[in-house]
Amino acid sequence: TRSQMQTFWMLALAFAMVALNNGMLISHLLPLLSERGVHRDTAVLAASMIGPMQVMGRLAMYAFERHIAVVGMAMGSFVALGLSALALLGTGSTPMLLVVFVLFHGAGYGVTTIIRPVAIAELLGRRRYGVIAGFLAVPYLAVFALAPTAAGLIWRFGGYDAVLLVASGGSVLGLAAITLAARTATVAVDDE
């Protein structure tokens, strides 16, 4: 149906923006932090802590899953990803913002990796789930593959501040898309 197609494309956009944010920030994290005067050892430690924060985000999600809808959790993760990019803007003058980045980016991205399949099933149904999830993986993977190059081009012309603003803006676009996906979703009766 038309509303299912709208939901599909909004989910594709939303999760592509997750890939954009993560791909841009993670691939350029060390030179970005170096440019902001963060010592290399500290930068490597920060990068290594993102994985454990993903696990913490997932554990928090499990703790609150009975109280917050899947779309609400997804929205929270988009906000966290956007704020993580903005936190890096001030890392040079306020080193504590690096901790904010690690916490928000790790937890936000960790939650989205769990939320993505659940949101697809909840908003588009379980019928033909594999085919739908496969099609939705294409824009995600394409954007993730292109994100480091895009960040490099943006850096060349606008510096890392511009990269961070684009990454944060992508999260805002993703938040809007997931919100619209939830509004247009109509799961077929035969899926229940």
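Before going into details, it helps to say that this report is about the structure given with it. (Residues numbered from 1 in each chain as written. Predicted model: local features only at pLDDT ≥ 70, side-chain atom pairs only at ≥ 80, totals over all residues. Heavy atoms only, no water.)

**Section: the pattern of salt bridges**
With the rule as written, the count across this model stands at 2 salt bridges. Taking the shortest distance from any N to any O, the salt bridge between Glu 35 and Arg 36 comes out at 3.6 Å. Judged by its relative accessible area of 48%, Glu 35 falls in the partly exposed class. As a salt-bridge pair, Asp 161 and Arg 36 come within 2.3 Å of each other at their nearest N and O atoms. In this pair, Asp 161 is assigned in helix α6 (residues 129–184) and Arg 36 in the loop between α2 (29–35) and α3 (40–64), connecting sequence segments 125 residues apart. (Salt bridge = Lys/Arg side-chain N within 4 Å of Asp/Glu carboxyl O. Buried < 20%, exposed > 50% of the residue type's maximum accessible area, 1.4 Å probe, protein only. Helix = DSSP H or I, 4+ residues; strand = E, 2+ residues; numbered from the N terminus.)

**Side note on the nonpolar core**
Ranked by size, the top nonpolar core spans 27 residues in total, and within it Leu 11, Phe 15, Val 18, Ile 115, Leu 136 and Ile 178 carry the most contacts. Sorting the residues of this core by element identifies α1 (2–27), α4 (70–89), α5 (97–124) and α6 as the ones contributing at least two each. Those residues within four positions of Ile 115 in sequence are excluded, and the remaining contacts are Met 61, Val 70, Met 73 and Ala 74. If you look at the next biggest cluster of nonpolar residues, it comprises 25 residues, including Leu 32, Ile 50, Val 102 and Tyr 160. (Core = buried A, V, L, I, M, F, W, Y, C linked by side-chain atoms within 4.5 Å. Contact = heavy atoms within 4.5 Å.)

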